[in-house]
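Summary of structural features
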Amino acid sequence: MKNFQALGLSAGLAEAVQLIGFETPTPIQEKAIPLLLTGNRDFIGLAQTGTGKTAAFGLPLLELVDENSSASQALVLAPTRELSLQIVSDLENFSEKFKKLNIVAVYGGASISEQIRKVKRGAQVIVATPGRLIDMIGRKAVNLSTIQYVVLDEADEMLNMGFKEDIDEILSKTPDTKITWLFSATMPREVRAIAKNYMADPVEITVGDKNTGNANIDHNYVVVQERDKYSALKRILDFNPDIFGLIFCRTRIDTQRVAEMLMKDGYNADSLHGDLNQAQRDKVMMKFRNRTVKILVATDVAARGIDVESITHVIHMNIPDEMEFYTHRSGRTARAGKKGVSIALVNPKEVGKIRQIEKTVKTPFTRMPVPAGPEVCQKQLLALMKKVHDVQVNEEEIEAFLPAVYQELKDLTKNELIKRFASIEFNRFLDYYRNAPDLNVNGQQSDRGAERYSTGDRYFINLGKMDGLEKGDLLEMLDDCCGVGKKHIGKIDIKGAYSFFEVEKEKSEAIISGLQGVEYEGRPVRVELTEGRRENAGRSGRQSNRNHNSKKQGKAGQRFAGKRG
Ligand code: AMP
């Protein structure tokens, strides 16, 4: 693989790039840089966002521009303010040694007079969003007659955003002799038309398969009823405790509603949509960039051009109306060679659209189940334990507090301590997910106990593998404490910190009363009817702390007493 200097860059620029930490050129850089450095050919680069295309056009541009002339020589058009600022920042980083070079960003939502002042001072390179540049042209504040190079970055996004006329007008103000470089992730008819109208015999280079999604994106979908989409979203978020994600909604109203519901439910979420003014938008983006906000809910238009590193998931609350939008949405993850996950929430009527998108992006989608309640609990518990394991302990400062803490906990064994500690956070999830229904349409695994075991009741019990509970122990406990033998018990599901079991309806009352006040390994046993229909189905063991042994005599009492030891 070549290094940057071998691509024809001057030693100074190659060194600057290396200092930034780019060791080897990306495929688009390797292909585009030598061509663009000639400065005499129109060029079309078909590359997904995140492939390194800013350096692919930026480095040749910096070589070609004459910093000793103050005329505006290069114009880069980009769809959004964020992308424009990103391009300026990259170009400035590359060109630190070019002391006389002025790179000016021109974008809406900030003072136009300040931008005009900077352009008038002499900007060899202007990086602009089309709308604001049109304003400047209208005020005769910018002279495009000296432009030699025009870059249309993310051309498909600019056209999607309705900048076609603005681009036409801007290009008409530049000299016919200019060289045009166009970059686009996709090549719809409208982009082809721009190329045809404004470019002469362009060289076309494709990185990856055009119109194909980034290979690092794992495309998935879940099938749920429309009314269950929000619950399914929460399951997915809870199942991915480390998520840093972007959620797409079709309308501003949906965007706001989903974000508000998430915030109310305690998620670190915010929204980005067209009703926000620039200052509000900046504030949200800053919070998302620095990860104060972990989940950003956005409309397609508002999220265009968002270039935030390490987004782990893109979630689609519905399939976008335009197939191209799907590529733009999912392209916000898996940037700069990282992996990313895209999950579309579709109702049964939308499944056909998944097939269409599969054809467009030429990638098969995987149908994944909406995680079941216990799976979410398990995932959360493990995430919590990892957090405990990895927490930074401030040895010096905590030292003085520890004797009192040890004193408070001195009668607890290590296992007991772990269980209680885990339960503090975990009970919240357990409470929420205890009766969580299966949200999958035609799903395989149903955790609606009553549906699966129609003649019986399904109980939750607060004992599981972590307590050393096995199926045999539970059967024995139910037989001894409740007088309900094995033949009346249905499916038993022993989980980590809790379990479920099914009982014939006629024996149900005996379970609640039989386990009232029972303790297991010193811990009050709590059972609950998962459907919650029975009036008496309450918490046992809460009111009374009676020991199992003191209540029940005989075989089981001895056995549980033994375990307690
Ligand atoms: P871009 O497609 O220009 O937005 O670039 C995506 C990301 O890749 C940015 O964070 C760049 O800093 C990074 N990047 C670009 N080129 C290279 C390279 N040759 N080596 C390592 N990282 C790069």
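Residues numbered from 1 in each chain as written. Predicted model: local features only at pLDDT ≥ 70, side-chain atom pairs only at ≥ 80, totals over all residues. Heavy atoms only, no water.

**Some thoughts on the overall build of the protein chain**
Definition in use: Segments assigned H or I by DSSP are reported as helices when at least four residues long, segments assigned E as strands when at least two residues long, and all are numbered from the N terminus. Here's how the labels work: a residue is buried when its accessible area is under 20% of the maximum for its type, exposed when over 50%, partly exposed in between, all with a 1.4 Å probe on protein chains only. Whether two residues touch is decided by their heavy atoms; if any such pair falls within 4.5 Å, the residues are in contact. Shrake-Rupley sampling with a 1.4 Å probe provides the accessible areas, and residues are treated as covered by the protein chains on show and by no other component.
Summing up its helical and strand segments, the protein chain has 24 helices and 20 strands in all. Relative to its 565 residues, the protein chain shows a buried fraction of 52%. Here the contacts in the protein chain between residues at least 6 apart in sequence split such that 76% fall between residues at least 24 apart. Total accessible area computed for the protein chain in this model is approximately 26,400 Å², and 50% of it derives from carbon and sulfur atoms.

**Examining the sheet that holds strand E1 (residues 43-46)**
In plain terms, the rule: We treat two strands as partners when DSSP finds at least two bridges between them. All axes here are fitted lines through C-alpha atoms, helices being fitted over the stretch that makes contact, and every angle between N-to-C directions spans 0 to 180 degrees.
Taken together, seven strands build an open sheet; the order of strands is E3-E4-E2-E5-E6-E1-E7 and the sheet is parallel. Of all strands in the sheet, those with a lone pairing partner are strand E3 (103-106) and strand E7 (203-206), marking the two edges. Taking the axes of each pair of neighbouring strands and ignoring which way they run, one obtains an average angle of 15 degrees across the sheet. As paired elements, E1 and strand E6 (residues 179-184) share four bridges and run parallel to each other. Paired with glycine 45 across the strands is phenylalanine 183, a residue of E6.

**Side note on the site of the ligand**
Put simply, the rule is: If a single non-hydrogen atom of a residue is within 4 Å of a molecule or strand, that residue counts as near it. Residues adjacent in sequence count toward polar contacts only when both atoms are side-chain atoms; beyond that, a polar contact is any pair of N or O atoms within 3.5 Å, and within protein one must be able to donate a hydrogen and the other to accept it. Three classes are used: nonpolar for Ala, Val, Leu, Ile, Met, Phe, Trp, Tyr, Cys and Pro, charged for Asp, Glu, Lys and Arg, and polar for all others, with Gly counted as polar. Domain start and end points were adopted from an automatic or database domain assignment.
Lining the immediate surroundings of the ligand are 14 residues, of which Thr24, Gln29, Gly52, Thr54 and Glu309 lie closest. Between the ligand and the protein, one listed contact pairs an oxygen atom with a backbone N or O atom of threonine 51 at 3.1 Å. Within the contact set of the ligand, an oxygen atom lies 3.3 Å away from a backbone nitrogen or oxygen of lysine 53. The residue makeup of the shell around the ligand, split by class, is four nonpolar, seven polar and three charged. Counting residues domain by domain, the shell around the ligand receives three or more from each of domain 1 (5-206) and domain 2 (219-372).

**Re unusual backbone geometry**
Residues apart from glycine generally show negative phi values, whereas peptide bonds are mostly found in trans. Within the chain, aspartate 201 stands out as a residue other than glycine whose phi angle is a positive 45 degrees. Relative to the assigned elements, aspartate 201 resides in the loop between helix H9 (189-198) and E7. Notably, arginine 291 is not glycine yet its phi reads approximately 70 degrees, a positive angle.

**Quick look at helix H19 (residues 414-433)**
Think of an α-helix as turning once every 3.6 residues; residues three or four places apart then point the same way. Worth spelling out the cut-off: A helix's residues, less one, multiplied by 1.5 Å, set its expected span. At every residue, the bend is computed as the angle between two fitted axes, covering the seven residues ending there and the seven beginning there respectively.
Compared with the 28 Å implied by 1.5 Å per residue over 20 residues, the 27 Å span of H19 between its first and last C-alpha is a close match. Along its length, H19 reaches its greatest deviation from straightness, about 55 degrees, at glutamate 425. Among the residues of H19, Glu416, Lys419, Ala422, Ser423, Phe426, Phe429, Leu430 and Tyr433 are the ones counted as buried.

**What about helix H8 (residues 164-172)?**
Stated formally: The arc under discussion is defined with respect to the helix axis, by the directions toward the C-beta atoms.
All buried positions along H8 are accounted for by Asp166, Ile167, Ile170 and Leu171. With its buried residues spanning 125 degrees around the axis, H8 presents them on a single face. Of the exposed residues in H8, those oriented more than 90 degrees away from the buried face are Glu165 and Ser172. Of the surrounding elements, those touching the buried residues of H8 are strand E2 (74-77), helix H6 (130-138), strand E5 (149-152), helix H7 (155-160) and H9.

**What about the pairing of strand E12 (residues 313-316)?**
Neither face of E12 is exposed, since His313 and Ile315 on one face and Val314 and His316 on the opposite face are all buried. As defined by bridge partners, strand E9 (residues 245-249) adjoins E12 across four bridges and the pair is classed as parallel. Bridge pairing links glycine 245 to histidine 313 in E12.

**Side note on the packing of aromatic side chains**
The condition that has to hold: Ring geometry is summarised as follows: Phe, Tyr and Trp rings, the Trp one being its six-membered ring, pair when their centres sit within 6.5 Å, and such pairs are stacked at plane angles under 30 degrees, edge-to-face over 60 and tilted between the two. Charge-over-ring placement is defined geometrically: NZ (Lys) or CZ (Arg) within 6 Å of the ring centre, and within 35 degrees of the ring normal.
Scanning the entire structure with this criterion turns up 11 aromatic pairs. With a centroid separation of 4.8 Å and an interplanar angle of 90 degrees, the aromatic rings of tyrosine 432 and tyrosine 433 are classed as edge-to-face. Of the residues examined, tyrosine 432 reaches a relative accessible area of 44% and is grouped as partly exposed. When the ring of tyrosine 459 is compared with that of phenylalanine 501, the centres are 5.5 Å apart and the planes differ by 15 degrees; the resulting orientation is stacked. Of the two residues, tyrosine 459 sits in strand E15 (residues 456-461) while phenylalanine 501 sits in strand E17 (residues 499-504), which places them 42 residues apart along the sequence. Note on tyrosine 459: relative accessible area 1%, which makes it buried. Classification of phenylalanine 501 as buried rests on a relative accessible area of 0%. Aromatic ring contacts, followed pair by pair, group Phe43, Phe57 and Phe183 into a single cluster. One Lys or Arg, arginine 291, reaches over the ring of phenylalanine 244 and ends 3.9 Å from the middle of that ring.

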